[in-house]
Amino acid sequence: MGINTESDISANLQIGPTTMGMVRIYVAGDGIDLPLDFDPEEAEEIAQELRTAAAGARKMAEAAKAKKK
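Since we're looking at a predicted model, the values are computed, not measured.

As a further point, take the overall build of the chain. When you go through the chain residue by residue, the secondary structure sums to one helix and three strands. Scanning the chain from its N terminus toward the C terminus, one meets helices and strands in the order β-β-β-α. In summary, the chain has a C-alpha radius of gyration of 16 Å against a globular reference of 11 Å for 69 residues, an excess of more than 25%. The C-alpha extent of the chain, read off along each of the three principal axes, is 50 × 30 × 15 Å. Classification of the 69 residues of the chain by burial places 6% in the buried group. Here the contacts in the chain between residues at least 6 apart in sequence split such that 0% fall between residues at least 24 apart. Charge-centre separation for the chain: the mean point of 8 positive side chains lies 18 Å from the mean point of 12 negative side chains.

Shown next, in the form of structure tokens:
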């Protein structure tokens, strides 16, 4: 499965600080229990990557919408 492959898998996502000063991204779903800990600097880099991906996705959606007109 790649980044551009659709899936019917659903999961819950929780993000928050830990008592150890880390940022945890916690993914839980059917058969999935995945805690991912990052130091604050790494978490900020991930946040920037998410913003960049969201902007790219928005541009692609707008281009697809304009193409349909």
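Under the counting rule described, the total for this entry stands at one salt bridge. Where Asp-37 meets Arg-24, a salt bridge forms, and the shortest distance between an N and an O atom there is 2.5 Å. Note that Asp-37 is positioned in strand E3 (residues 32-38) and Arg-24 in strand E2 (residues 23-29), a separation of 13 residues in sequence. Overall, Asp-37 belongs to the partly exposed group, its relative accessible area being 37%.

Procedures and definitions
Residues numbered from 1 in each chain as written. Predicted model: local features only at pLDDT ≥ 70, side-chain atom pairs only at ≥ 80, totals over all residues. Heavy atoms only, no water. Helix = DSSP H or I, 4+ residues; strand = E, 2+ residues; numbered from the N terminus. Rg over C-alpha atoms; globule rule 2.2 N^0.38 Å. Buried < 20%, exposed > 50% of the residue type's maximum accessible area, 1.4 Å probe, protein only. Contact = heavy atoms within 4.5 Å. Lys, Arg positive; Asp, Glu negative; His and termini not counted. Charge placed at Lys NZ, Arg CZ, Asp CG, Glu CD. Salt bridge = Lys/Arg side-chain N within 4 Å of Asp/Glu carboxyl O.

In short, geometric facts, not functional conclusions.
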